[in-house]
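Descriptive structure summary
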Amino acid sequence: MTVTADGPLPSTPYDVAIVGAGVVGCAIARELARHPRLRIALVEAQDDVGQGTSKANTAILHTGFDAAPGTLEARLVREGYARLGAYAAEAGIPVERVGALLVAWDEEQLAALPRLAEKAERNAYPDTALLGPAELYAREPHLGPGALGALHIPGESIICPWTTTLAYATQAVRAGVDLHLNTAVRAATWADGHRLTTSRGTLRARHLVNAAGLHADTLDRALGHEDFTVTPRRGQLLVHDKFARPLVRHILLPVPTALGKGVLVAPTVYGNVLLGPTAEDLDDKRATGSTAEGLAALRDQGRRILPALLDEEVTAVYAGLRAATGQEDYRITAHPGQAYVTVGGIRSTGLTASLAIAAHVAGLLAGTGLDLGPVREPEPVAMPNLGEAFPRPYQRPDLIAADPEYGTLVCHCERVSRGEIRDALAGPIPPRTLAGLRRRTRAGAGRCQGFYCGAAVRELFERGARP
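Residues numbered from 1 in each chain as written. Predicted model: local features only at pLDDT ≥ 70, side-chain atom pairs only at ≥ 80, totals over all residues. Heavy atoms only, no water.

1. Brief notes about the overall build of the protein
Helix and strand counts for the protein stand at 12 helices and 23 strands. Taken over the C-alpha trace, the protein has a radius of gyration of 22 Å; the compact-globule value for 467 residues is 23 Å, and the two agree within 12%. Dimensions along the principal axes, computed over C-alpha positions, put the protein at roughly 65 × 55 × 40 Å. For the protein, the proportion of its 467 residues judged to be buried stands at 57%. Taking the contacts inside the protein whose residues are at least 6 apart along the sequence as the reference set, 74% of them involve residues at least 24 apart. Entry remark: accessible area of the protein is about 18600 Å², with carbon and sulfur atoms responsible for 52%. A distance of 4 Å separates the average location of the 49 positive side-chain charges in the protein from that of its 50 negative side-chain charges. (Helix = DSSP H or I, 4+ residues; strand = E, 2+ residues; numbered from the N terminus. Rg over C-alpha atoms; globule rule 2.2 N^0.38 Å. Buried < 20%, exposed > 50% of the residue type's maximum accessible area, 1.4 Å probe, protein only. Contact = heavy atoms within 4.5 Å. Areas by Shrake-Rupley, 256 points an atom, 1.4 Å probe, with all protein chains shown as cover. Lys, Arg positive; Asp, Glu negative; His and termini not counted. Charge placed at Lys NZ, Arg CZ, Asp CG, Glu CD.)

Given below as C-alpha cells:
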C-alpha cells in the first residue's frame with residue numbers, strides 16, 4: 001500500500017486515476033480496488049482524505065424520501081442508503097436510526113405534508129406517517145410552540161461522516177490503491193491517455209474519474225465539456241454541547257425549499273446537537289468561514305424550532321461548501337471517447353449515495369472500455385468507534401486489561417484515550433495535522449476545544465504517541 005504527500009509521482013501510467021478523495025472519490029477507489037488487476041491512483045489536492053464537503057456536512061444517512069422521483073440521484077440515494085447501512089454495521093461506523101420529523105409551522109406547510117408523503121411513496125419509501133400536534137409534542141416535548149403537525153420518516157439516521165470516508169480510503173489503500181495527497185491538479189489533457197499536470201509533477205492514466213467536488217466543473221472544462229457549473233453553496237452550522245442532547249429525540253426538518261432542506265436541528269452520533277445549515281450561494285470556492293449574520297440567522301430559526309437549545313453552550317461553529325449546480329440531479333456522465341467519467345453536482349446526499357455512486361461509476365468505466373477483470377473483495381475493516389451510543393474504549397474493561405493505554409484518557413471532554421491516539425497515528429492513512437487527528441479520534445473536539453488537552457495531544461502527535 002502506498003500513501004504519498006511529497007516527492008515525484010510514478011512515471012508509469014495508471015489504469016485509472018480518480019481526482020478527489022472526498023467520500024465519493026474514496027468510495028470509487030474502494031469499488032475499483034475490488035478488481036486487483038487494475039492499477040489505481042487516488043489524487044487529492046489537500047493533505048488528508050475527506051477535507052472538502054465531506055468533513056463539513058450534516059452527517060445524515062438519508063432515505064431519499066424527498067428526492068426528485070425518477071432521477072439518478074433518487075435511485076442512487078435509495079440504493080446507497082441500504083448499502084451504507086449494511087457497510088456501517090460491518091465496519092463499525094456508528095449509525096443511529098433516530099428518525100426524522102418534517103415539522104409544519106403554518107397552514108401552507110401543513111398542506112404540503114401529504115404531498116411529501118406521496119413523493120416518498122414514489123421514491124419507494126412508504127413508511128411515513130402524518131402526525132397531529134398532540135402526537136408531535138408527545139414525541140418532541142421541547143419543540144417550540146405553534147407547530148401544526150409533522151411527517152414522520154422513521155428511517156432517517158445519523159452517521160459519522162469522517163469514519164465513513166476514512167474506512168473507504170483505508171480499504172482502498174490496503175487493496176493496493178496509491179493515494180497521492182498534496183497533489184493539486186492544475187491542468188488536464190487527453191491524447192490517447194490522460195495527462196494530469198499536478199503540484200507534484202505529471203501523472204498519467206488510461207482512464208480518468210473526475211470526483212473533484214467543488215472543482216469538478218473546472219476539470220470538466222479542461223477536457224472540453226460545458227455540461228454544468230458549480231456554485232459553492234455555503235452551509236454554516238452551530239454545534240451545541242452534549243448537555244443539549246436530551247432536548248431532541250429526532251432529526252427536526254423544515255419543509256424543504258428549492259435552496260435545499262433548510263435549517264434543521266439534529267442530534268449527532270458524537271452526542272452533540274447541530275443547528276443549521278444556512279444556504280448561501282457564493283462565488284468563492286474557498287469561503288468556508290462563518291459570519292456573524294449567518295450565525296445570528298441560525299439562532300433566530302433555532303429559537304422557533306427548539307427554544308431551550310439557545311440556552312445551551314455552543315461547542316463549535318463550522319461551515320461547509322456544497323456543489324450546487326442549479327439542477328435537480330447529479331451530473332454523472334461517461335465520455336467513452338475520452339475514457340473519462342464525470343461525477344459532478346454531488347450535494348449533501350453524496351454521503352448516503354456514495355457506495356451506489358461508486359458501483360454506478362465502475363459500470364460506466366466498463367462502458368468506456370476499461371476491462372475490470374476478476375473481483376476480489378477487500379479485506380474487512382474495523383474502524384474505531386466514535387459514537388456515543390456504542391461502547392467506547394474507555395468503557396471496555398476487556399480492552400483495557402489487554403492494553404492499559406485504552407484506559408488512559410488524554411482528552412477528557414470527549415473521553416479519548418492514549419491508545420486511540422496511538423492507533424490513529426499508526427494507521428494506514430495517518431493524520432498529518434491535529435485537525436486530522438481530531439477527525440479520527442475526537443481529541444480536542446469537545447467542550448473546551450482542546451484548551452486542557454491540547455498540549456498533551458500535540459506532544460503525542462509530534463512524537464507518534466510512543467509509550
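On we go from here.
2. Examining helix α8 (residues 350–367)
In the structure, α8 departs most strongly from a straight axis at Ala356, where the bend amounts to approximately 40°. Looking one or two places after α8, you find Gly369, whose phi comes out positive at around 110°. (Bend = angle between axes of the 7 residues up to and from the residue.)

3. Some points on unusual backbone geometry
For the bond running from Gly276 to Pro277, omega is -5°, close enough to zero to count as cis. Tracing the sequence through the fold places Pro277 in the loop between β17 (273–276) and β18 (280–281). Of note in the backbone geometry, Asn182 takes a positive phi value of approximately 50° without being a glycine. With respect to the helices and strands, Asn182 occurs in the loop between β10 (178–180) and β11 (185–190).

4. Some details on the pattern of salt bridges
Enumeration over the complete set of coordinates arrives at 29 salt bridges. Across the pair Arg392 and Glu388 runs a salt bridge whose closest N-O atoms are separated by 3.0 Å. The exposure class of Arg392 is buried, given its relative accessible area of 1%. The closest approach of N and O atoms between Arg422 and Asp403, which form a salt bridge, is 2.8 Å. Residue Arg422 is located in helix α10 (residues 418–425), and its partner Asp403 is located in the loop between α9 (397–402) and β22 (409–411); the two are separated by 19 residues in the primary sequence. Like Arg422, the residue Asp403 is buried in the burial classification. One salt-bridge network, in which partners are shared between bridges, spans Lys242, Glu388, Arg392, Glu414, Arg415, Glu420 and Arg442. (Salt bridge = Lys/Arg side-chain N within 4 Å of Asp/Glu carboxyl O.)

5. So, the packing of aromatic side chains
By convention here, two paired aromatic rings are described through the distance between centres and the angle between planes. Counting across every chain of the model gives three aromatic pairs. A centroid spacing of 5.3 Å and a plane angle of 50° characterise the contact between Tyr87 and Tyr168, whose relative ring orientation is tilted. One end of the pair, Tyr87, is in helix α2 (residues 72–91); the other, Tyr168, is in helix α5 (residues 161–174), and 81 residues separate them in sequence. Judged by centre distance (5.0 Å) and plane angle (15°), the ring pair of Trp162 and Tyr270 falls under stacked. Of this pair, Trp162 sits in helix α5 while Tyr270 sits in the loop between β16 (264–267) and β17; the two residues are 108 residues apart in sequence, bridging distant segments of the chain. Of note, Arg39 hangs over the ring of Tyr14, and the distance from its end group to the ring centre comes to 4.0 Å. (Phe/Tyr/Trp six-rings, centres within 6.5 Å; stacked < 30°, edge-to-face > 60°. Lys NZ or Arg CZ within 6 Å of the ring centre and 35° of its normal.)

6. Details of the nonpolar core
In terms of nonpolar packing, the biggest core is built from 82 residues, with Ile18, Val343 and Ile357 touching the most fellow members. Element by element, the count of residues in this core is highest for α8, at nine residues. (Core = buried A, V, L, I, M, F, W, Y, C linked by side-chain atoms within 4.5 Å.)

Nothing here speaks to function; it is geometry throughout.
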